[in-house]
Amino acid sequence: MDLASCFTLNNGVGIPTLGLGVFQAEPGEETHDAVLHALETGYRHIDTARVYRNEHAVGDALRESGVPRSEVFVTTKLWNGDHGFEKALTACDASLNRLGLDFIDLYLVHWPVEGLRSESWSALEQLYDEGKCRAIGVSNYTVRHLEELLAGCSIVPAVNQVEFSPYTFQAELLDYCRGHSIQLEAYSPLTKGLKLDDPYLNKISASYSRTPAQLLLRWCLEHQVVTIPKSVTPVRIEENARVFDFEIVAEDMHRLNSLDENLRTGWDPTDAS
Ligand SMILES: NC(=O)c1ccc[n+]([C@@H]2O[C@H](COP(=O)([O-])OP(=O)(O)OC[C@H]3O[C@@H](n4cnc5c(N)ncnc54)[C@H](OP(=O)(O)O)[C@@H]3O)[C@@H](O)[C@H]2O)c1
């Protein structure tokens, strides 16, 4: 496996297993430089969102990199204020314009917005049928939200992007997604840095001569979960990419799994009605 290696989504589209996230990367130069460096390092997957306000910089860096469009997987997301059938269609066009792209590889419903999420999903199905998105999916959906969606949808979401790390090991959700051919994708896989000093994590990573960040990313990949670490720091972008040349033994996977404490570094959709 390497940075171009893919898992296959339920519609046959390949998604590179590791991508660069750009949440909290400043719009403009900071995002542009991080994306460009990631592409030069070999990353082939970028995760942005309308609400990050940096879609424009992602598109600019992509074009400047010279990497063919067909080789880069770009995800963006429908923001909460853009829910509803017509508004979702318009929001996708606006994201395409800001990115300067003809299609989005993966368009996600960012959050299960009450009352409107079903209508918005119908819009994403239309966008998929029109070829504006190669795959559609959701984010921050719990099993309950997925059950509701699957009961009424024409297209099963290809992806569910959620917080996922040893400290937020959502085993039940992972099983549910696997059972329904929905690819789980890990956001905040580095716990936003909060747990990188954990002595236990450091002890295990040292035994592999790896950094804690590399161990956390490899742990996601061992679970067959796509992962999208964010960094705007060139050496970290490179460090986070060096996770394809080692494996975590089963015993250590169990140890890492047992670190779960339902950590939520951002929002928690558990009670989202
Ligand atoms: N769908 C959603 O609701 C949702 C929510 C959150 C995130 N996401 C997506 O998931 C991506 C990743 O999640 P995240 O940004 O929340 O957090 P994260 O990737 O877990 O952590 C990012 C933080 O870790 C630092 N970092 C990166 N690599 C490091 C390394 N090797 N060693 C030490 N520190 C390192 C970064 O600093 P520097 O940048 O300064 O290097 C940044 O402060 C986001 O960018 C976004 O694309 C989606």
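Each remark here, short or long, concerns the structure printed above.
First things first, this report covers the structure right here in the doc. (Residues numbered from 1 in each chain as written. Predicted model: local features only at pLDDT ≥ 70, side-chain atom pairs only at ≥ 80, totals over all residues. Heavy atoms only, no water.)

Another point: the overall build of the chain. When helices and strands are counted, the chain shows 10 helices and 10 strands. Scaling as 2.2 N^0.38, a compact globule of 273 residues should have a C-alpha radius of gyration of about 19 Å, and the chain matches this with 18 Å. Overall, the C-alpha framework of the chain stretches about 55 × 40 × 30 Å when taken along its three principal axes. A buried classification covers 58% of the 273 residues belonging to the chain. Partitioning the contacts of the chain with sequence separation of at least 6, the portion at a separation of at least 24 is 75%. For the chain, the computed accessible surface area is about 11300 Å², with 49% contributed by carbon and sulfur atoms. (Helix = DSSP H or I, 4+ residues; strand = E, 2+ residues; numbered from the N terminus. Rg over C-alpha atoms; globule rule 2.2 N^0.38 Å. Buried < 20%, exposed > 50% of the residue type's maximum accessible area, 1.4 Å probe, protein only. Contact = heavy atoms within 4.5 Å. Areas by Shrake-Rupley, 256 points an atom, 1.4 Å probe, with all protein chains shown as cover.)

Moving on: the site of the ligand. Among the 28 residues in the neighbourhood of the ligand, the closest are listed as Asp47, Ser188, Lys230, Ser231 and Thr233. Here a nitrogen atom of the ligand sits 3.4 Å away from a polar atom, N or O, in the side chain of Tyr52. When the ligand is considered free in solution it has 910 Å² of accessible area, and contact with the protein chains removes 88% of it. According to the grid-proximity analysis, the pocket containing the ligand is the largest pocket. Split into classes, the residues belonging to the shell around the ligand amount to 12 nonpolar, 10 polar and six charged. (Near = heavy atom within 4 Å. Polar contact = N/O pair within 3.5 Å; in protein donor to acceptor, adjacent residues only side chain to side chain. 1 Å grid on protein atoms, 1.4 Å probe; cavity = no way out; pocket = protein on both sides within 12 Å on 5 of 7 lines; lining within 4 Å. Sits in = over half its atoms within 2 Å of the grid points. Nonpolar A, V, L, I, M, F, W, Y, C, P; charged D, E, K, R; others polar.)

Another aspect to go through is the packing of helix α5 (residues 143-152) against helix α6 (residues 171-179). In contact at an axis separation of 10 Å, α5 and α6 are set at 20° when each is read in the N-to-C sense. Compared by their axis directions, α5 and α6 come out roughly parallel. Contacts from Val143, Leu146, Glu147 and Leu150 in α5 reach Glu172, Leu173, Tyr176 and Cys177 in α6. A breakdown of the residues in the contact of α5 with α6 according to their chemical character gives six nonpolar, no polar and two charged. (Axes fitted to C-alpha atoms, helices over the stretch in contact; angles between N-to-C directions. Parallel < 35°, antiparallel > 145°, perpendicular 65-115°, else oblique.)

Our focus in this paragraph is the side chain of Glu55. By the element assignment, Glu55 lies in helix α2 (residues 55-65). For Glu55, a relative accessible area of 2% gives the class buried. Of note is the side chain of Glu55, whose polar atom sits 2.7 Å from the side chain of Ser95. Aside from chain neighbours lying at most four places away, what touches Glu55 is Thr48, Ala49, Arg50, Thr76, Ser95, Arg98 and Leu99.

Turning our attention to the pairing of strand β7 (residues 133-139). Here β7 lies mainly inside the structure; six of its seven residues are buried. Examined bridge by bridge, strand β6 (residues 104-109) and β7 share five bridges and lie parallel to one another. Bridge pairing in β7 links Leu108 to Gly137. This β-α-β element, β6 to helix α4 (residues 117-129) to β7, shows right-handed connectivity. Pairing geometry for β7 and strand β8 (residues 159-163), over two bridges, is parallel. Along β8, the bridge assignment pairs Ser139 with Gln161. A crossover connection joins β7 to the parallel β8 through α5; in handedness this β-α-β unit is right-handed. (Pairing = 2+ DSSP bridges. Right-handed = clockwise from strand over helix to strand, strands pointing away.)

Turning next to the layout of surface pockets. Considered as a void within the structure, the largest pocket measures approximately 710 Å³ in volume. What lines the largest pocket is a set of 34 residues, among which Phe23, Gln24, Ser188, Lys192 and Lys230 lie closest to the centre. Going through the elements one at a time, α8 (212-222) and α9 (234-241) are the ones with two or more residues in the lining of the largest pocket. When residues in the lining of the largest pocket are grouped by element, the largest group, three residues, is from α9. In terms of residue class, the lining of the largest pocket is made up of 15 nonpolar, 13 polar and six charged. The space that makes up the second largest pocket amounts to roughly 210 Å³. If you go around the second largest pocket, the residues you meet are Thr142, Val143, Arg144, Gln170, Ala171, Glu172, Leu173, Arg264, Asp268, Pro269 and Thr270. Contributing elements (two or more residues each) for the lining of the second largest pocket: α5 and α6. (Points joined across faces, edges and corners; volume = space filled by probe spheres on them.)

Another aspect to go through is α6. For an α-helix the count is 3.6 residues per turn, leaving residues at separations of three or four pointing the same way. By the burial criterion, the buried members of α6 are Leu173, Leu174, Tyr176 and Cys177. Viewed along the axis of α6, the buried residues span an arc of 165°, placing them on a single side of the element. Pointing more than 90 degrees away from the buried face of α6 are the exposed residues Glu172 and Gly179. In the segment just after α6, Ser181 is the residue with positive phi, at about 55°. (Arc of directions from axis to C-beta.)

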